[in-house]
Amino acid sequence: MKPIYFDNHATTQLDPRVLQAMLPYFTEHFGNAASRNHAYGWEAEEAVEKARRQIASLIGANAKEIVFTSGATESNNLAIKGIAEMYAEKGNHIITAATEHKAVLDTCKHLEKKGCRVTYLPVMGDGRIDLDMLRAAITDQTILISIMYANNEIGVVQPIAEIGKIAKERGVLFHTDAVQAVGKIPVNVIADNVDLMSITAHKMYGPKGVGALYVRRKSPRVQLTAQMDGGGHERGMRAGTLNVPGIVGLGEACAVAQAEMPEESQRLRAMRDRLRARFESALDEVFINGSMEHRLPHNLNMSFAYVEGESLLMGIDDIAVSSGSACTSATLEPSYVLKALGLGDDMAHTSIRFGLGRFNTEAEIDYVADKLIAVVTKLRELSPLYEMVKEGIDLSKVQWTAH
Amino acid sequence: MAYSNKVLDHYNHPRNVGSLDKSDEHVGTGMVGAPECGDVMKLQIKVNPETGIIDDAKFKTFGCGSAIASSSLATEWLKGKTVDEALAIKNTDIVNELALPPVKIHCSVLAEDAIKAAINDYKVKQGAEPLVQAH
């Protein structure tokens, strides 16, 4: 049996409806959307323009403001590097946050080496940035604010409309990496005063390898320097033959998400809340990481104190989730997102991220709850820390032998 | 990551989980690691005063599956050994037995440290010279 999939912040299963929409564009409609003088090209272009409208409709944009990319990493690179280059004469300061995805943080680090100045705003205990700190960080050199819509680990939704308002008032462009939010919660680039927005298909039941960057065309008209040279596709912002089947998939994924969002987000929220309630009623010493109020409906990130994350994952090998534990990361460092919330490494080591999705069922919630509760209980019997806490020992006062 | 069958076996059926009375003069307790490092091992031995042989060994471990397996295996090996024989257990023996990958070698080091710490505690209780710790 394949494991139950509760890792929908990493990627999502392709929706069969999306696949059906894509299939003809691999075979009979194989044209190049840039071929202007025959029917193969026109068909492909028509499909791409339909997808553009579907995406624009979901985020409150105009179809002309959608630039197709290979995914959100490219969108983030294009937005941040493209703005830094285009507006280099205006200034060289960028503001972002400590909990951003690596595609934003590493892009900013790259620009620092090229002479940009970057402010990495800390987050508060609930995972949101402090708007006063944002205001204070803006200087006359600031050209861009890049703050994610919702976090991929803790699902915390940033005050995007407020950030957009501040950016607009101060004449600074605002980019948001919205991959976790688009298609899941209402997102509107007009209401939120967003100038650039990164989107990817595979986080919303579309295919991997295709994404988009929303680039505002009016008030203000945002320009950016292309990061790839070539045929001048996508209004000169992103060269390269368009991935027509992928783009059709992204468009269809947006259309399905838009049609189903009101009901689906309620369903996911109810399941998520049920999972949380099951844990909290059966186990002591469990903690929610990040704001519950400002959070994606399908995310739960909890620390199961005194039980190390990798050993917990080992006990639930028929459930696919991820952990903030160092042992599960490539770098052997505990989650920098959880540390940014002010959590000690000990709590980061015990955290599990649950990402629910369209194909999960209520029966799976109960199975996962039962299994987790049993494994946590078993591992706590093995945990010297849990034993010490039960004996009334304050772990923070113990002289540990660091190694 | 794929775990070896031996690691899985110790994880699924840990041997000698529990605690001994740490105030007992024949019990040595070793606690190594730190919560912020992601692993803490508590390992205890009980030495038979007549024979000098380790009669019982118990452990509790907060850590990954390989850390749990390393300490579980250590308790198995400790039982029936004299204190001096127990001191000869090396982390590399644990690595080989459990087929630990390079990133998990520190788990075996921690288990060796826990053995030494438990023996040290026992020796101090018996009025002997403490061990010189390698780490």
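Thresholds applied
- Residues numbered from 1 in each chain as written.
- Chains lettered and ligands numbered in written order.
- Predicted model: local features only at pLDDT ≥ 70, side-chain atom pairs only at ≥ 80, totals over all residues.
- Contact = placed C-beta atoms within 7 Å.
- Helix = DSSP H or I, 4+ residues; strand = E, 2+ residues; numbered from the N terminus.
- Nonpolar A, V, L, I, M, F, W, Y, C, P; charged D, E, K, R; others polar.
- Buried ≥ 20, exposed ≤ 12 C-beta atoms within 10 Å, placed from the backbone.
- Pairing = 2+ DSSP bridges.
- Axes fitted to C-alpha atoms, helices over the stretch in contact; angles between N-to-C directions.
- Parallel < 35°, antiparallel > 145°, perpendicular 65-115°, else oblique.
- Left-handed = near helix turned anticlockwise from the far one by under 90°.

*Asks:* Sorry, what's going on with the interface of chain B and chain A here?
*Replies:* By a widely used convention, the size of an interface equals the accessible area lost when the partners come together. Facing 23 residues of chain B, the contacting portion of chain A comprises 23 residues. At the level of secondary structure, the elements contributing two or more residues to the side of chain B that touches chain A comprise β1 (27-34), β2 (39-47), β3 (54-62) and α2 (65-78) of chain B. The greatest single-element share of the side of chain B that touches chain A, amounting to four residues, is contributed by β1 of chain B. Looking at the side of chain B that touches chain A residue by residue, the classes come out as 13 nonpolar, six polar and four charged.

*Asks:* Just to check I follow, could you spell out the pairing of β3 of chain B for this structure?
*Replies:* On a regular strand, each side chain points to the face opposite its neighbour's, so the side chains alternate between the two faces of the sheet. Residues and elements named next belong to chain B. Burial of β3 is extensive: seven of the nine residues sit out of reach of the surface. Pairing of β2 with β3 involves eight bridges; the strand directions are antiparallel. Looking at β3, one finds that V40 is bridged to F62. What sits between the antiparallel neighbours β2 and β3 is a turn of six residues, in which G52 has the positive phi angle 75°.

*Asks:* Is there a simple way to think about unusual backbone geometry in this case?
*Replies:* If a residue is not glycine, its phi is most likely negative; likewise, a peptide bond is most likely trans. With an omega dihedral of -5°, the bond running from S219 of chain A to P220 of chain A counts as a cis peptide bond. Inspection of the secondary structure assignment puts P220 of chain A in the loop between β8 (211-215) and α7 (244-282). Its identity as a non-glycine residue notwithstanding, N193 of chain A has a phi of 55°, on the positive side. Turning to its location among the elements, N193 of chain A is positioned in the loop between β6 (173-177) and β7 (196-200). Here the phi dihedral of N16 of chain B falls at roughly 55°; this positive angle occurs in a residue that is not glycine.

*Asks:* Would you mind going over the packing of α7 of chain A against helix α11 (residues 362-381) of chain A with me for this structure?
*Replies:* How two helices pack is summed up by the angle between their axes together with the distance between the axes. Residue and element names in this part refer to chain A. Following both chains from N to C, one finds α7 and α11 inclined at 25°, their axes separated by 10 Å at the closest point. For the element pair α7 / α11, the angle class is roughly parallel. As α7 runs across α11, the sense of the crossing is right-handed. Residue-level contacts link M271, R274, L275, R278, F279 and A282 of α7 to E362, I365, V368, A369, L372 and I373 of α11. Here the residues of the contact of α7 with α11 sort into nine nonpolar, no polar and three charged.

*Asks:* Just checking my understanding: could you explain the packing of α2 of chain B against helix α5 (residues 105-125) of chain B for this structure?
*Replies:* All names here are of chain B. Where α2 meets α5, the axes come as close as 9 Å, and the angle between the chain directions of the two elements is 40°. For the element pair α2 / α5, the angle class is oblique. In the packing of α2 onto α5, the handedness of the crossing is right-handed. Along its contact with α2, which presents S66, A67, S70, S71, A74 and L78, the element α5 presents C107, S108, L110, A111, A114 and I115. Looking at the contact of α2 with α5 residue by residue, the classes come out as eight nonpolar, four polar and no charged.

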